[in-house]
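# Structural overview
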Amino acid sequence: MSALRSRGVHRAAFRMAVPHEMHLRQNAAVVEIRLFRSGDGPAVADVIERCLRELNSRDYPEEIIERMCAHFSAERIVQLADERQMFVAEWAGIAGTVSRDGNKVFTMFVHPRAIGQGVGRRLMRHIEALAAAEGYDYMETGASVTGHGFYQRLGYVDVRTSETEFGFNYILRKPLR
């Protein structure tokens, strides 16, 4: 009898998990990926700062977080968008950003409230598809300690490590073909 009760509990827990998973998929479905617009600078800078302060601060000292926040000002974001192709994810406002130059990934950040909602995955798939259509064989990115696992879950593999002005960094690649 206890085995039946045990199975019943697991079934009930499973039934409750399915609607939640469906809700997450529905939320991810309404994410719109579009090119950065010059007026997006302040909102993108805010997403980056929140991500750095709320997530990356677990892995990096305050001094580095402050330096990174200062580096990614709204004005700097607009400048970077002029130098490379930058995209934003809209999901109840700007929820994430990524930029690329050919097959190189830069400035990938997702608002902490959007973590786990498919926003980062959608941004990455978008730029990977663009790079593949342009004939690139792989994507390459630098990843913080905080973002390393995200890229690995997307199929990126470690190539090497490096030290940057913002601390330890992983260099990862993903084949596109």
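Residues numbered from 1 in each chain as written. Predicted model: local features only at pLDDT ≥ 70, side-chain atom pairs only at ≥ 80, totals over all residues. Heavy atoms only, no water.

### Some words on the packing of helix 2 (residues 41-54) against helix 3 (residues 62-71)
The N-to-C vectors of helix 2 and helix 3 enclose an angle of 175°; their axes lie 9 Å apart at closest approach. With respect to their mutual orientation, helix 2 and helix 3 come out roughly antiparallel. Contacts between helix 2 and helix 3 pair Glu 49, Leu 52 and Arg 53 from the former with Ile 65, Glu 66, Met 68 and Cys 69 from the latter. Looking at the contact of helix 2 with helix 3 residue by residue, the class counts come to four nonpolar, no polar and three charged. (Axes fitted to C-alpha atoms, helices over the stretch in contact; angles between N-to-C directions. Helix = DSSP H or I, 4+ residues; strand = E, 2+ residues; numbered from the N terminus. Parallel < 35°, antiparallel > 145°, perpendicular 65-115°, else oblique. Contact = heavy atoms within 4.5 Å. Nonpolar A, V, L, I, M, F, W, Y, C, P; charged D, E, K, R; others polar.)

### With respect to helix 2
The end-to-end C-alpha distance of helix 2, which contains 14 residues, comes to 20 Å, matching closely the 20 Å that a straight helix rising 1.5 Å per residue would cover. Along helix 2, the residues classified as buried are Gly 41, Val 44, Ala 45, Val 47, Ile 48, Cys 51 and Leu 52. On an axial view of helix 2, the arc spanned by its buried residues comes to 155°, and they lie on one face. Against helix 3, helix 4 (74-83), strand 2 (85-90), strand 3 (94-101) and strand 4 (104-110) lie the buried residues of helix 2. (Expected span 1.5 Å × (residues − 1). Buried < 20%, exposed > 50% of the residue type's maximum accessible area, 1.4 Å probe, protein only. Arc of directions from axis to C-beta.)

### Some details on the pattern of salt bridges
Across all of its chains, the model carries 10 salt bridges by this definition. Salt-bridge contacts for Arg 53 lead to Glu 66; the nearest nitrogen and oxygen are separated by 2.6 Å. Remark: Glu 66 occurs in helix 3 and Arg 53 occurs in helix 2; sequence separation between them is 13 residues. Residue Arg 53 is classed as partly exposed on the basis of its relative accessible area, which comes to 34%. Classification of Glu 66 by relative accessible area gives partly exposed; the value is 35%. Two residues, Glu 134 and Arg 100, come together in a salt bridge whose shortest N-O distance is 2.6 Å. With a gap of 34 residues between them, Glu 134 in the loop between helix 5 (119-133) and strand 5 (138-143) and Arg 100 in strand 3 connect regions that are remote in the sequence. (Salt bridge = Lys/Arg side-chain N within 4 Å of Asp/Glu carboxyl O.)

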